[in-house]
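Residue strings, one per chain:
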Amino acid sequence: MQEYKDKDTVFMRYALELAEKGRGSTSPNPMVGAVVVKDGSISGRGYHGFVGGPHAEVNAINDAGENAKGADLYVTLEPCNHQGRTPPCTHKILESGIRRVFVAMNDPNPDVTGGGNEYLRARGVSVISGICEKEARLQNEVFVKYVQSKTPFVLLKCAATLDGYIATRSGDSKWVSGEQSRAYVHELRHWLDGIMVGIGTVRNDNPSLTARPEGKKGRDPVRIILDSQLSVSPDAKIFHQDSDAQNIIVCGDNVPHDRKKMIRDMGAKVLSLPLKEGRIDLEQLMIHLGDMGITGLLIEGGSRVIASALKARIVDKIMFFYAPKILGGDDGFPICRGTGPERMAGSIPLRDMNVRRFGEDVMVEGYID
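Residues numbered from 1 in each chain as written. Predicted model: local features only at pLDDT ≥ 70, side-chain atom pairs only at ≥ 80, totals over all residues. Heavy atoms only, no water.

A look at the state of the cysteines
What makes a disulfide is a covalent bond joining the sulfur atoms belonging to two cysteines.
Then comes step 1: Within the structure shown, the criterion is met by zero disulfides.
Then comes step 2: With no disulfide of its own, Cys-80 lies 3.6 Å from the sulfur of Cys-89, the closest cysteine sulfur.
Then comes step 3: Judged by its relative accessible area of 8%, Cys-80 falls in the buried class.
Then comes step 4: Take Cys-89: its relative accessible area is 0%, and that puts it in the buried class. (Disulfide = S-S within 2.5 Å. Buried < 20%, exposed > 50% of the residue type's maximum accessible area, 1.4 Å probe, protein only.)

Listed below in structure tokens is the structure:
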């Protein structure tokens, strides 16, 4: 078992901080950060900033210049040893004279051949892996899920009152949660490739489904609307806004051609799938979205979509924002709508739970196996 020194953890955690700067800009690539260390001091810093741009190792080595020779490199993901949009990072490392490479996690992509770590070791570079591995895998959980399954990492988000409602009986949901919670959700939209809601949400709320993070230009997610009968109105806001993101309307395979053509003429993609118990087959939809290159998907509701996603077991992670409000009745829109399990043993367990505050709201997050 390899042993690490405190300084190794410090340098790697700094590399993880650098990697975060690329969040929302690197998909379908991972976030990666790197630092070059010589004589105990950082002489080069770098991160992967955007798809097609230089990788973190290249940026850090270029930043270090001549100081890279004989230095150590700390990188949050195994250096690539294949030709993609950019040359292999292993070649840059060898050319620079780096003597040791510290890696947080090995590349999880089964399609990548050539093993960067082994390539470097075979050429005399010492490679030590596993420093801050848990943090690195968590940071790139979307990438890890996607490259291993070819389907999106699915994050289910909802905002609810303390008694479990996402809207009043009239459908009013503005606003359940506070400003800080809503601002964070816009960050989530910026980070993930797609956002999915049901046609009921489009009818009741007429949302934009765009990313508007504070202080920066957001990257709008692909908007995916579940609409089995293709009843969406051409006047819906999603069709009439300044956004480069695509609209995908998912319907059943029995919808008339002329209705599909009308929606396509609005600039949207119509995806027809077989229905399962009268609803869109979400397992099949995830395969199609993965084929489209959507690595991460944010589900925002409503009640039936949330329940269907949980029942279909497509959800990887939940974020429930609870506001300090109580409706005090039983006629609102609950978080989930439909038939649940008969016994508590049939409930869905969560792991790795975490609780965070956003203003007056409490957000509970956790993972579903």
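Right, picking up where we left off after that structure.
Section: the sheet that holds strand 15 (residues 317–322)
Then comes step 1: Spatial strand order, 11-10-9-8-14-6-15-18-17: nine strands in an open sheet with mixed pairing. Strand pairing shows two members of the sheet lacking a second neighbour, strand 11 (269–273) and strand 17 (351–358), which therefore form its edges. Along the sheet, successive strands turn relative to each other by an average axial angle of 20 degrees, direction set aside.
Then comes step 2: In the sheet, strand 10 (residues 247–252) pairs with strand 11 via five bridges, with the strands oriented parallel. (Pairing = 2+ DSSP bridges. Helix = DSSP H or I, 4+ residues; strand = E, 2+ residues; numbered from the N terminus. Axes fitted to C-alpha atoms, helices over the stretch in contact; angles between N-to-C directions.)

Here we look at the sheet that holds strand 5 (residues 126–129)
Then comes step 1: Ordered by their spatial adjacency, five strands build an open sheet running 2-1-3-4-5, and the pairing between neighbours is mixed. Pairing within the sheet leaves two strands with one partner each, and these edge strands are strand 2 (41–47) and strand 5. Neighbour to neighbour, the strand axes of the sheet diverge by 20 degrees on average, direction disregarded.
Then comes step 2: Pairing geometry for strand 1 (residues 33–38) and strand 3 (residues 72–77), over four bridges, is antiparallel. What sits directly across from Val-35, in strand 3, is Tyr-74.

Considerations on a nonpolar patch on the surface
Then comes step 1: Together, Ile-348, Leu-350 and Met-353 make up an exposed nonpolar region whose accessible area comes to about 230 Å².
Then comes step 2: For Met-353, the position within the fold is in strand 17. (Patch = residues over 30% accessible without salt bridge, like charges linked within 9 Å, V, L, I, M, F, W, Y side chains within 5 Å. Areas by Shrake-Rupley, 256 points an atom, 1.4 Å probe, with all protein chains shown as cover. Salt bridge = Lys/Arg side-chain N within 4 Å of Asp/Glu carboxyl O.)

What to know about the nonpolar core
Then comes step 1: Among the nonpolar cores identified, the biggest contains 35 residues, and Met-12, Val-36, Leu-73, Tyr-74, Ile-93, Ile-98 and Val-101 are the most heavily contacted of them.
Then comes step 2: Elements supplying a minimum of two residues to this core: helix 1 (6–20), strand 1, helix 2 (56–64), strand 3, strand 4 (100–105) and strand 5.
Then comes step 3: Contacts of Leu-73, omitting those with residues within four sequence positions, involve Ala-34, Val-35, Val-36, Glu-57, Ile-93, Ile-98, Arg-100, Val-101 and Phe-102.
Then comes step 4: The next biggest cluster of nonpolar side chains, apart from the first, holds 33 residues, and it includes Ile-199, Ile-249, Leu-298 and Met-319. (Core = buried A, V, L, I, M, F, W, Y, C linked by side-chain atoms within 4.5 Å. Contact = heavy atoms within 4.5 Å.)

So, the environment of Glu-300
Then comes step 1: Position of Glu-300 relative to the elements: it lies in strand 14 (residues 296–301).
Then comes step 2: The class of Glu-300 is buried, set by a relative accessible area of 16%.
Then comes step 3: A sequence separation of 143 residues divides Glu-300 from Lys-157, and the C-alpha atoms of the two residues are 5.3 Å apart.
Then comes step 4: The contacts of Glu-300, once residues within four sequence positions are left out, are Lys-157, Val-185, Arg-189, Ile-195, Met-196 and Val-197.
Then comes step 5: There is a polar contact of 3.0 Å between the side chain of Glu-300 and the side chain of Arg-189. (Polar contact = N/O pair within 3.5 Å; in protein donor to acceptor, adjacent residues only side chain to side chain.)

Quick word on the side chain of Asn-81
Then comes step 1: By the element assignment, Asn-81 lies in the loop between strand 3 and helix 3 (89–96).
Then comes step 2: Of note is the side chain of Asn-81, whose polar atom sits 2.7 Å from the side chain of Thr-90.

Quick look at the packing of aromatic side chains
Then comes step 1: The tally for this structure, following the rule as stated, stands at six aromatic pairs.
Then comes step 2: Seen in terms of ring centroids, Phe-11 and Tyr-74 are 5.2 Å apart; in terms of plane orientation they differ by 50 degrees. Their pairing is tilted. Linking Phe-11 in helix 1 with Tyr-74 in strand 3, this pair joins segments that are 63 residues apart in sequence.
Then comes step 3: Exposure remark for Tyr-74: the relative accessible area of 0% places this residue in the buried category.
Then comes step 4: Seen from their ring centres, Tyr-74 and Phe-102 are 4.4 Å apart, and the 5 degrees between their planes marks the pair as stacked. Taken together, the residues span a long stretch of sequence, with Tyr-74 in strand 3 and Phe-102 in strand 4 at a distance of 28 residues. (Phe/Tyr/Trp six-rings, centres within 6.5 Å; stacked < 30°, edge-to-face > 60°.)

Considerations on the packing of helix 2 against helix 3
Then comes step 1: Across the interface, helix 2 lies against helix 3 with an axial gap of 9 Å and an inter-helix angle of 20 degrees. The angle between helix 2 and helix 3 places the two elements in the roughly parallel class. Seen along the crossing, helix 2 lies across helix 3 with a hand that is left-handed. Taken together, the residues of helix 3 that come into contact with helix 2 (itself represented by Glu-57, Val-58, Ile-61 and Asn-62) are Cys-89, Lys-92, Ile-93 and Ser-96. (Parallel < 35°, antiparallel > 145°, perpendicular 65-115°, else oblique. Left-handed = near helix turned anticlockwise from the far one by under 90°.)

Some details on the pairing of strand 2
Then comes step 1: Judged from the six bridges that link them, strand 1 and strand 2 form a sheet pairing that is antiparallel. Bridging from a neighbouring strand, Lys-38 pairs with Ser-41 of strand 2.
Then comes step 2: The turn linking strand 1 back onto strand 2 is made up of two residues, and Asp-39 within it adopts a positive phi angle of 55 degrees.

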